[in-house]
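Here is how the chains run, residue by residue.
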Amino acid sequence: MKKYNIRADKRLGQHFLKDEEPLFSMLKAAQLMPEDNVLEIGPGLGVLTLELCRIVKKVVAVEKDRRFVPILNDLTRDFKNVCILQEDVLKLDWEKLSKNLFKGDFKVVANLPYYITAPIIMKIVENRQFIPLAVIMVQKEVAHRLAASCGSKDYGILSIAVNVYADVDIICEIGRGSFVPPPKVDSAIVRITLNKKPRISTDEEFFFKVVEAAFGERRKTIRNSLKSRLNLLELDQSHIDKALDTAGINPMRRGETLSIEEFDKLAGALKRALNMSKNN
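Residue numbers restart at each chain and count upward from 1, following the sequence in its written direction. Owing to the predicted nature of the model, reporting of local features is limited to residues with pLDDT of at least 70; listing and counting of side-chain atom pairs is limited to 80 or more, with chain, interface and lining totals taken over all residues. Remark: hydrogens and water are excluded; side-chain values derive from all non-hydrogen atoms of the structure.

Asker: Explain the overall build of the protein to me, please; I cannot follow it from the model alone.
Answerer: Strands here mean DSSP runs of E at least two residues long; helices mean DSSP runs of H or I at least four residues long; both are numbered from the N terminus. In terms of regular secondary structure, the protein is built from 11 helices and nine strands. Referenced to the eigenvectors of the C-alpha coordinate spread, the extents of the protein come out at roughly 70 × 40 × 30 Å. The cut-offs for exposure are 20% and 50% of the maximum accessible area for each residue type, with area from a 1.4 Å probe on protein chains only; residues under the lower value are buried, those over the upper are exposed, and the others partly exposed. The 280 residues of the protein split such that 51% are buried. A sequence separation of at least 24 residues applies to 68% of the contacts in the protein between residues at least 6 apart. Accessibility throughout is a Shrake-Rupley quantity obtained with a 1.4 Å probe, and a residue counts as covered only by protein chains that appear here. Total accessible area on the protein stands at roughly 14200 Å², and carbon and sulfur atoms take up 48% of it. For this analysis, residues touch if any pair of their heavy atoms sits within 4.5 Å.

So this is what it looks like as structure tokens:
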């Protein structure tokens, strides 16, 4: 930072890792091989970038802050296997990235900017057909939400949205003192192992409408949440009651107590009820 006269930009959520231990925990968790391709998001001052370049076949580092691009080019000048892109990662076409720069699948290894963590995670999930694995550093609370099981206080829509398509492991937690400047929150490293096929049999769009309805008012029972939130789907109370009975779900339970498997059964029963209603 002194050498290049750089200060962290709070608007972009910049906190630079100064502790080597979390860095090597990320590299180990990513199970990197010499033939691997890696997308790094928000490389900043290139601490992780340099280590990736030493291990894998190709690294594409996407940095939004234009100040870091010449620095990253300077730091990686001895490596021929790295491409530095000055882009907003959320606006990138990841399929084109796969075809044009990687010529195949790639892993994601990144210390994510906390203010856009959820959109990036969903971008990873949406592109799971060519991303087998992602190892990301996120806010500790987000890590717990990603890994949460039904019934816990951290369990919610994000937990389900990721776990329908992936297995999530928390590798380790990291104190705020490992960064310059230190953030106001602790962090954690999470490994997301992606599956190309979802864990549900119901239409995915309809499934998530049901999940969103169930979590729309967390204090309400699943019966009342669905009643107040699914009216746009032309489902009346009798359809909801029958679907809950068919799925074997007590209508007095709350949405956060339902597993992905139970949501899948419920969404399937509601979908059938909706189709019958339309046919009649």
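Asker: Got a minute to help me understand helix α3 (residues 68-75) in this structure?
Answerer: Every α-helical turn comprises 3.6 residues, leaving residues that sit three or four positions apart pointing alike. When we look at burial in α3, the residues that qualify are F68, V69, I71 and L72. The arc enclosing the buried residues of α3, seen along the axis, measures out at 160 degrees, which places them on a common side. In this structure, the buried side of α3 is in contact with β1 (16-17), α2 (47-55), β3 (58-63) and β4 (82-86). When we speak of the arc, we mean the arc of directions from the helix axis to the C-beta atoms.

Asker: I tried to follow the pattern of salt bridges on my own but got confused; where do I start?
Answerer: Any two side chains of opposite charge can pair, on the condition that their charged atoms come close. Here a salt bridge means any side-chain nitrogen of Lys or Arg lying within 4 Å of a carboxyl oxygen belonging to Asp or Glu. If you walk through the whole model with that rule in mind, you get 15 salt bridges. Note that K64 and D88 form a salt bridge whose closest N and O atoms lie 3.9 Å from each other. One end of the pair, K64, is in the loop between β3 and α3; the other, D88, is in the loop between β4 and α4 (94-102), and 24 residues separate them in sequence. For K64, a relative accessible area of 42% gives the class partly exposed. On the basis of relative accessibility, which here comes to 19%, the residue D88 falls in the buried class.

Asker: Explain the side chain of T49 to me, please; I cannot follow it from the model alone.
Answerer: Along the chain, T49 turns up in helix α2. Exposure remark for T49: the relative accessible area of 0% places this residue in the buried category. As used in this structure description, the phrase polar contact means that two N or O atoms lie within 3.5 Å; if the pair is within protein, one of them must be able to donate a hydrogen and the other to accept it, and residues adjacent in sequence are counted only when both atoms belong to side chains. Here E40 takes part through its side chain, which lies 2.6 Å from a polar atom of the side chain of T49. Apart from the residues within four sequence positions on either side, T49 is in contact with E40, P43, V59, A61, L72, T76 and V82.

Asker: Got a minute to help me understand the packing of helix α9 (residues 222-229) against helix α10 (residues 237-246) in this structure?
Answerer: Helix packing geometry: the angle between the two helix axes and the distance between the axes. One can describe the packing of α9 onto α10 by two numbers: an axis separation of 10 Å at closest approach and a directional angle of 140 degrees. The angle between α9 and α10 falls in the class oblique. In this structure, α9 meets α10 at a crossing whose hand is right-handed. On the side of α9, the interface is formed by I222, R223, L226 and K227, while α10 contributes Q237, I240, D241 and L244. Among the residues making up the contact of α9 with α10, the classes are represented as four nonpolar, one polar and three charged. Every axis corresponds to a line fitted to the C-alpha atoms, with the helix fit spanning only the stretch in contact, and the corresponding angles, defined between N-to-C directions, vary from 0 to 180 degrees. Angle categories are assigned with fixed cut-offs, so that under 35 degrees is roughly parallel, over 145 is roughly antiparallel, 65 to 115 is roughly perpendicular, and the rest are oblique. The handedness criterion is simple: a crossing whose near helix is rotated anticlockwise from the far helix by less than a right angle is left-handed, and one whose near helix is rotated clockwise is right-handed. Residues are grouped as follows: nonpolar covers Ala, Val, Leu, Ile, Met, Phe, Trp, Tyr, Cys and Pro; charged covers Asp, Glu, Lys and Arg; every other residue, Gly included, is treated as polar.

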